[in-house]
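# Residue-level structural notes
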Amino acid sequence: MPLFLWLTFVLFYSGSAISGQITQAVFSDVQYDASATTQCLAQPGSTMYGGGVIVNPEFSNGTAGWAMFGKGVIEESISLSKNRFMVARNRKRPMDSVSQKVQLEKGKFYAFSAWIQVNEGSETVSVVFGVGDGEFVPGGSIVAEQGCWSLLKGGVAVNSSSTVDVLFKSKNTSKEIWVDNVALQPFSKKQWRFHQDKNIEKVRKSRVRFQITYAKKTGLTVRGAKFLVKQTKPGFPFGCGMNFHILDSADYQNWFASRFRYTTFTNAMKWYSTEEKQGQENYTIADAMVKFSQDNGISIRGHNVFWDDPKYQPDWVKALSPEDLRKAAEKRINSVVSRYAGQLIAWDVVNENLHFSFFEDNLGKNASSIYYSTAYKLDPTPRMFLNEYNTIEYCGDEKVSPGNYKKRLKEIFSYPGNEDIPAGIGVQGHFGPGQPNLAYMRSSLEILATTGVPIWLTEVSVEPGVNQAQYLEEILREAFSHPAVEGIIMFAGPAYAGFNATALTDKSFNNTPAGDIVDNLIEEWKSPYFKACTNDGGFFSTSLFHGEYEITITNPATNCSSTSRFEVTRDSSGRTFHFQIG
């Protein structure tokens, strides 16, 4: 074989072997550390990345590299097991703590981790980045406890190069903040994308093998059998919100049905939509949208049974006495869940339950837990989700931090009788117009993943801005690449239907830049049609995205064809699919 052909063969057919080796060499020194835990440990865990850009991350050299930010005292302490750590005490303000100055580079993502403890009780402790002029950028938080170490994991996206102070914040200044094994590791966007692509190949695809044999000649394989493989349905749920405008527009219907197999109705199932006036239920719109979805093979997430925000209760509900509210709520949950029993894949049972507490305030602290139990008894088919915003998109909202989300999830699903309910984590993902903090988003998903409960991004949107399409792509790739994420629903769509914040088309259904991104990802995340033929042993191997497939096989002797169906899942890795021809 001529040398230039041999090089082409190696580059193309060995999974880009040479370029892959070069890529691996470039990035192998900064492998992303996905370890996470929400357990409180007697001894702090190891230091990630050897500390990264942090000097003296394990305090092996006392206070070298560290200083007191604000007022108070920092001092080295040594545990009974001879572990060295840093203590900030005599604090006067929330951000009085141990700190270190570091140089951050524009365009990089910084993964942060540290082990934290407080000297008494429990307290929320955050990492913040002081960028000057009294401005502090949050990077993540944890509820630290006395007597054990908790992992604070987060990160920051850097839009301009500067020197910043890395420090810790706790509102209760009477508490000492104990810190150990601090790390801050930079990643370029190319490195970040490399890790995403590596994960996608690992968790969204499986390497499989086909073997084709003759039906009438037991065990005899078919050499040179030609076949065509076509993916008919994606294995990963990637969908889009839908509103009532779809009922009166063939263009909207065609646009949606040609792209998506999963949806959430933005408002049509909510209480204020189905019972605007007390006692006058009207499911006309919701029923019609369900029928359209079912006619087009589109699976539906139910959204929502209740919404804990007082502002979004039906007007008549706000004036009810607690006893009348209890009766009205019981009627509501029985009505909506029973009506769509067996037709939904999920329910957001009580929406935004960490931010708000309308039902708990009026009906008692276990109100939401009881509603999850009731919904499951009425329809055990759907997965029951706790659905919140800001958990992955904004690290400054401590109320809905991953740690607090996990705590609330545990409270609801450990309520007597709820232990066997199939729980789901719903993180909405309403991102602002600026660069998304993918480092924080990833760390949040890692912490939530420790629950072992499926995670869905339920309402992804990006506010309008210069780089809206780019940021939407970055967010979707980050979610798709994470092993614990089992589905994505965007709250986006055509401008015709009022999706002006994250419009995927204009009013004439021409794609916006964001719409192009979505269409491109839909194509990228499925296996393309391909033709191939078996080798001398009757085998052919390839890597396929998870999903449903058709294979059409042609007998090389008779030129007759037959079609079969198969499905590739996470469990298919290394599997051989056997097909026969006459």
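Residue indices begin from 1 for each chain and proceed along its sequence in written order. The model is predicted, so local features are restricted to residues of pLDDT at least 70 and side-chain atom pairs to those at 80 or more, both for listing and for counting; the totals for chains, interfaces and linings are taken over all residues. Calculated side-chain values reflect all of the structure's heavy atoms, with hydrogen atoms and water omitted.

In the annotation of an unreviewed UniProt entry, the chain is listed under the name GH10 domain-containing protein and assigned to Eucalyptus grandis. Note on the chain: under the UniProt heading Sequence similarities (unreviewed entry), the record states "Belongs to the glycosyl hydrolase 10 (cellulase F) family." UniProt positions are given in the numbering used here, feature names are shortened, and annotations may be inferred rather than shown by experiment.

With that settled, consider the sheet that holds strand β24 (residues 530–533). If DSSP finds at least two bridges between two strands, the strands pair. Numbering of helices and strands runs from the N terminus, with a helix taken as a DSSP run of H or I at least four residues long and a strand as a DSSP run of E at least two residues long. Spatially, the four strands line up as an open sheet ordered β24-β12-β26-β27, and their pairing is antiparallel. Each edge of the open sheet carries a strand with a single partner, namely β24 and β27 (561–568). For this sheet the average axis-to-axis angle between neighbouring strands, irrespective of direction, equals 25°. Pairing geometry for strand β26 (residues 547–554) and β27, over eight bridges, is antiparallel. From the neighbouring strand, Thr-554 faces β27, where its bridge partner is Ser-561. The axes are straight lines fitted to the C-alpha atoms, using for helices just the contacting stretch, and the angles between their N-to-C directions are given from 0 to 180°.

Counting residues in hydrophobic clusters, the biggest one holds 118 residues, and the most contacted among them are Phe-210, Phe-359, Tyr-371, Ile-488, Met-490 and Phe-566. Among the elements that line this core, the one with the most residues is helix α13 (residues 468–481), at seven residues. Among all residues touching Phe-210, those that are not within four sequence positions of it are Phe-227, Val-229, Phe-530, Gly-538, Phe-539, Phe-540, Thr-542, Leu-544, Phe-566, Phe-577 and Phe-579. Residues Ile-54, Phe-59, Val-118 and Phe-168 belong to the second largest nonpolar core, which totals 29 residues. Definition used in this section: a nonpolar core is a set of buried Ala, Val, Leu, Ile, Met, Phe, Trp, Tyr and Cys residues joined via side-chain atoms within 4.5 Å. When a residue's accessible area, from a 1.4 Å probe over protein chains only, is under 20% of the maximum for its type it is buried; when over 50% it is exposed; and in between it is partly exposed. Note on definitions: a residue-residue contact is assigned when non-hydrogen atoms from the two residues lie within 4.5 Å.

Turning to the state of the cysteines, a few remarks are in order. The criterion for a disulfide is a pair of cysteine sulfur atoms lying within 2.5 Å. Following the criterion strictly, the structure yields one disulfide and no others. The disulfide that involves Cys-40 links it to Cys-148, with 1.6 Å between the sulfurs. Taking the sign of the torsion about the S-S bond as the criterion, the disulfide between Cys-40 and Cys-148, at about 95°, is right-handed. With Cys-40 in the loop between α2 (17–27) and β1 (67–69) and Cys-148 in the loop between β7 (135–145) and β8 (150–157), the pair connects residues that are 108 residues apart, well separated along the chain. Judged by relative accessible area, which is 26%, Cys-40 ranks as partly exposed. The class of Cys-148 is buried, set by a relative accessible area of 11%. Its sulfur unpaired, Cys-560 is 18 Å from the next cysteine sulfur, which belongs to Cys-533.

We define a salt bridge as a side-chain nitrogen of Lys or Arg found within 4 Å of a carboxyl oxygen belonging to Asp or Glu. Taken as a whole and assessed by the stated rule, the structure comprises 27 salt bridges. Of the charged contacts, one joins Arg-339 and Asp-287 as a salt bridge, the two residues approaching to 2.7 Å between their closest N and O atoms. Residue Arg-339 is found in helix α8 (residues 322–339), and its partner Asp-287 is found in helix α6 (residues 284–295); the two are separated by 52 residues along the sequence. Linked through salt bridges whose partners overlap, the residues forming this network are Lys-230, Glu-550 and Arg-565.

This brings us to the domain arrangement of the chain. Under the domain assignment used here, the chain contains domain 1 (49–193), domain 2 (211–231 + 536–580) and domain 3 (236–525). These domain limits were set by an automatic method or by a database of domain assignments. Computed over C-alpha atoms, the centres of domain 1 and domain 3 are 34 Å apart. Each partner contributes residues to the interface: domain 1 has 20 residues there, and domain 3 has 20 residues. Buried area is a sum: the accessible area each of two parts loses on coming together, probed at 1.4 Å, counted once for each and added. Taken together, the two surfaces of domain 1 and domain 3 that pack against each other cover about 1500 Å², and 55% of this comes from carbon and sulfur. The interface formed by domain 1 and domain 3 contains two salt bridges.

What follows is about α8. Here the expected length of a helix is defined as 1.5 Å per residue gap, with one fewer gap than residues. For α8, with 18 residues, the first-to-last C-alpha span of 25 Å sits near the 26 Å given by 1.5 Å per residue. Along α8, the residues that are buried comprise Leu-325, Ala-328, Ala-329, Arg-332, Ile-333, Ser-335, Val-336 and Val-337. Those residues of α8 hidden inside the fold are in contact with α5 (271–274), β15 (299–307), α7 (315–318), β16 (346–351), α9 (358–363) and α10 (367–378).

Before going further, it helps to spend a moment on the pairing of β15. For a regular strand, side-chain orientation follows a simple rule: the groups alternate between the two sheet faces. Of all nine residues making up β15, eight are buried, and the element is well covered by its neighbours. Bridge analysis of strand β14 (residues 262–265) against β15 gives three bridges, and the strand direction is parallel. What sits directly across from Tyr-262, in β15, is Ser-299. Pairing geometry for β15 and β16, over five bridges, is parallel. Bridged to Trp-307 within β16 is Asn-351.

Further remarks concern helix α4 (residues 250–257). Residues of α4 that are buried: Tyr-252, Trp-255, Phe-256 and Ala-257. Lining the buried residues of α4 we find β13 (238–242), β14, α6, β22 (493–494) and β23 (503–505).

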